[in-house]
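One letter stands for each residue in the lines below.
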Amino acid sequence: MKKIISVLVMSLALFSIQTVSTNAATSKLSLTVLQTPGGEEPVVTLYGNLKPAKSAVKVEIQIQLNGKWQDTRFSTRSARVGTWKVVAVATALNAQVKYRAKVKIGSKSIYSNIREITVRSVPEISSASSTVMIDQLGPGGRIHGSDVSRWQHPNGAPIDFVKKYSAGMRFVMIKASDSRDEADALALKYVIMDRLAAQAAGMYTGFYHYAVLPDVKTDAEVITDAQTQAQKVIWRLGALGGYNDRDLPYALDLENNCVRLSGKTCARYLPKAQITLWAKTFLKVLREKTDRMPILYSYPSFLEGAMVRDNELRQYPLWLAQYGIDPADPLGQPGLKEGGCYVHSWTAANCSSQWIIWQYSSCGIAPKYGVPGSRLDLNVFRGEPSAFLDLVKGSWFPEVVDQMPINETSTLVFKNVKFTTSDKPVTLEVDVTRPDGKPVVTGTVRFYTNSDNPIEPKPVQTVVRSTSGSWKLTIKGIPAGTWTGRIGFKDATGTHAESRSPITLSILPGDPNLPTPTPKPTVAPTKKPTTDGCRNQIKN
């Protein structure tokens, strides 16, 4: 069995990750071993995660021979988010082997769980075929894929990507980032979980960023916000180690033009020209930084009604969502409507839409593809396998400047402070910037009372993001009197350092003649009729 070592040829994947303080007593190292399908020779992928995450830790692979663990010559380093991966091509077959991974934290060695694998031979194929790696098993003879996010992980349940591959899926677009911090943290959690597992199962992986547009007025402010959100994506991609040879490009998920809510209704929409400007700016930053052409995801009515036609925008590949049309129908295609077609940047002279990925259903049968829950978004790729492989060309590895900073200095300024009487809220606007004057990328703000002069009961605070690094803060329930406190910025990711500025609020008594509000009687809610969200959708 010793000959196993000499017949493995490794390609190592190096990643960079966020440095998090840790120690040997609490560190844990995981290991998964899979034979990855899709090649002319058997490929074995060993991957796992180091928790807590620690950057550039050497991960060594050990093999059990004759009942003893021995070091192999194969190693890699952990990435910024704690992930690591080793890919090997095996020529010795049908041998049962046990592996484990090892790291050294301080003076103590940490070992992973033990995994056993028997490498199987690959069925003989013609070496002249270059399409065997990407089977066209989707409806209409297209390459089949899906997209996933936290909603495909109910209660944190993992996705079985081996089952997904066996069911004919060959690519998956994974939500990797979000404009909103809480949603972004969940996206990071699951992209770490899904990317390596999907690639080890033989699938190609892409990423997408869910965009929330800014509530601003000028083109300059629109451009700044787009550049800032693009920076978040670059940092996220950098934390994942950049693009590898199984990564599709990042996609911009742009599908909501409301930038200000009033209750449950939209009080302001960003103008069409500024939405288009925002999208072009965001995509251009990603393209120039990574040398990969990013993708834009949206749906036909949004592209037509919320954006303007633009030649520069048209150069980016389109991922189009439209349901109720069967991709198995040779004449079925997205972008059409009753009496014609949707007219947008990707509409051709013959009324067809120039898309490369079509999200044709949000009602895929999730368990069929190894996904917890009941529903799954389904996609097909438009072109031939060679066109698909073109999307994977070009690697990008982050440099030091592409890594998310740690505890970077921030500067807070508040303005437009308004307060009068105790029956009215205090409102103000808060801007927080980085050392170079650009907006902070993550974090939020709030009002902190002084511990020696507390306000009881605690005021109710509402924070609304206006744009990157800018918030509107509303504070209700401050009684009459003079109160001192601080307006503070805090970033849960640790990217930007905290900053606080003192504030004094002199609140007058409210009008005693105002009538006391009469509590409204509780009314039982009217039961809404049940609707089938999957009606008329394709349920593959």
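If you're wondering where the values come from, they're calculated on a predicted model, not measured in any experiment.

(A) Spotlight on the overall build of the protein chain. Per the secondary structure count, the protein chain includes eight helices and 29 strands. Considering only residue pairs separated by 6 or more positions, the protein chain has 73% of its internal contacts joining residues 24 or more positions apart.

(B) Looking closely at the pattern of salt bridges. The tally for this structure, following the rule as stated, stands at 17 salt bridges. Notably, a salt bridge pairs Lys-175 with Asp-178, separated by 2.7 Å at the nearest N-O pair. In this structure, Lys-175 and Asp-178 share a single accessibility class: buried. Through salt bridges with shared partners, a single ionic network connects Lys-175, Asp-178 and Arg-180.

(C) How the structure looks around the sheet that holds strand β28 (residues 481–490). Spatially, β25-β28-β29 is the arrangement adopted by the three strands of the open sheet, whose pairing is antiparallel. Every other strand in the sheet has two partners, leaving β25 (444–449) and β29 (499–507) as the edge strands with one partner each. In this sheet, neighbouring strand axes are inclined to one another by 30° on average, regardless of whether the strands run parallel or antiparallel. Two elements, β25 and β28, share six bridges in a ladder whose sense is antiparallel. Across the sheet, Thr-444 pairs through a bridge with Lys-490, a residue of β28.

(D) Geometry of helix α3 (residues 181–200). In this model, α3 (20 residues) spans 29 Å end to end at C-alpha, consistent with the 28 Å of a helix rising 1.5 Å per residue. Residue Val-191 marks the point of greatest curvature in α3, where the axis turns by about 30°. Looking one or two residues beyond α3, the residue adopting positive phi is Gly-202, at roughly 105°.

(E) Just the packing of aromatic side chains, in detail. Inspection of every chain in the model, using the stated rule, returns 11 aromatic pairs. With a centroid separation of 5.2 Å and 90° between ring planes, the pair formed by Phe-381 and Phe-388 is classed as edge-to-face. The class of Phe-381 is buried, set by a relative accessible area of 3%. Given a relative accessible area of 1%, Phe-388 falls into the buried group. Geometrically, the ring pair formed by Trp-471 and Phe-489 is tilted, given 6.0 Å between the ring centres and 40° between the ring planes. Highlighted residues: Trp-471 in strand β27 (residues 470–476) and Phe-489 in strand β28, separated in sequence by 18 residues.

(F) Main features of the state of the cysteines. Using the criterion set out here, one finds three disulfides in the structure. In this model, Cys-341 is linked to Cys-351 through a disulfide, with the two sulfur atoms separated by 1.9 Å. Linking Cys-341 and Cys-351, the disulfide has an S-S dihedral of approximately -115° and is accordingly described as left-handed. Placement of the pair is Cys-341 in strand β20 (residues 340–341) and Cys-351 in the loop between β20 and β21 (357–365), with a sequence separation of 10 residues. On the accessibility criterion, Cys-351 (23% relative accessible area) is partly exposed. Between the sulfur atoms of Cys-363 and its disulfide partner Cys-534 the distance amounts to 1.9 Å. Torsion about the S-S bond of the Cys-363 and Cys-534 cystine: about -90°, corresponding to left-handed handedness.

(G) Quick peek at the layout of surface pockets. One number sums up the size of the largest pocket: a volume of about 1300 Å³. Surrounding the largest pocket, 47 residues form its lining, Ser-179, Arg-180, Asp-181, Glu-182 and Arg-465 being those nearest its centre. For the lining of the largest pocket, the secondary-structure elements that each account for two or more residues are α3, α4 (219–239), β15 (258–262), β26 (460–467) and β27. The class makeup of the residues in the lining of the largest pocket is 21 nonpolar, 13 polar and 13 charged. The computed volume of the second largest pocket comes to approximately 580 Å³. Lining the second largest pocket we find 25 residues, and of these Ser-30, Asn-49, Lys-51, Ile-192 and Met-193 sit closest to its centre. Elements with a minimum of two residues in the lining of the second largest pocket: β4 (43–51) and α3. By residue number, the principal contributor to the lining of the second largest pocket is α3, which donates six residues. Broken down by class, the residue content of the lining of the second largest pocket amounts to 13 nonpolar, six polar and six charged.

(H) The sheet that holds strand β12 (residues 169–178), seen in detail. Overall, mixed pairing links the eight strands, which are arranged β11-β12-β13-β14-β17-β18-β21-β22 in a closed barrel. Going across the sheet, the axis of each strand differs from the next one's by a mean of 30°, ignoring polarity. Pairing geometry for strand β18 (residues 318–321) and β21, over three bridges, is parallel. Paired with Ala-321 across the bridge in β21 is Gln-359. In the packing of α3 onto the sheet, the strands contacted are β11 (143–148), β12, β13 (204–210) and β14 (247–253), and the crossing angle to β12 comes to about 155°. Lying on the sheet, helix α8 (residues 385–392) is in contact with β11, β12, β13, β14 and β22 (375–381); it crosses β14 at an angle near 80°.

(I) Main features of the pairing of strand β8 (residues 96–105). Taken across its 10 residues, β8 has seven buried, putting it largely inside the fold. For strand β5 (residues 58–65) and β8, the ladder comprises four bridges, and the chain directions are antiparallel. Within β8, the position partnered with Ile-61 by the bridge is Ala-101. Between β8 and strand β9 (residues 108–111), which pair antiparallel one after the other, the connecting turn spans two residues, and Gly-106 there sits at a positive phi close to 70°.

(J) How the structure looks around the packing of α4 against helix α5 (residues 272–290). In contact at an axis separation of 8 Å, α4 and α5 are set at 35° when each is read in the N-to-C sense. Viewed along their axes, α4 and α5 form a crossing whose handedness is right-handed. Here Asp-219, Val-222, Ile-223, Asp-225, Ala-226, Gln-227, Gln-229, Ala-230, Val-233, Ile-234 and Leu-237 of α4 come into contact with α5, specifically with Gln-274, Leu-277, Trp-278, Thr-281, Phe-282, Val-285, Leu-286, Lys-289 and Thr-290. Tallied by class, the residues present in the contact of α4 with α5 amount to 12 nonpolar, five polar and three charged.

What counts and how
- Residues numbered from 1 in each chain as written.
- Predicted model: local features only at pLDDT ≥ 70, side-chain atom pairs only at ≥ 80, totals over all residues.
- Heavy atoms only, no water.
- Helix = DSSP H or I, 4+ residues; strand = E, 2+ residues; numbered from the N terminus.
- Contact = heavy atoms within 4.5 Å.
- Salt bridge = Lys/Arg side-chain N within 4 Å of Asp/Glu carboxyl O.
- Buried < 20%, exposed > 50% of the residue type's maximum accessible area, 1.4 Å probe, protein only.
- Pairing = 2+ DSSP bridges.
- Axes fitted to C-alpha atoms, helices over the stretch in contact; angles between N-to-C directions.
- Expected span 1.5 Å × (residues − 1).
- Bend = angle between axes of the 7 residues up to and from the residue.
- Phe/Tyr/Trp six-rings, centres within 6.5 Å; stacked < 30°, edge-to-face > 60°.
- Disulfide = S-S within 2.5 Å.
- 1 Å grid on protein atoms, 1.4 Å probe; cavity = no way out; pocket = protein on both sides within 12 Å on 5 of 7 lines; lining within 4 Å.
- Points joined across faces, edges and corners; volume = space filled by probe spheres on them.
- Nonpolar A, V, L, I, M, F, W, Y, C, P; charged D, E, K, R; others polar.
- Left-handed = near helix turned anticlockwise from the far one by under 90°.

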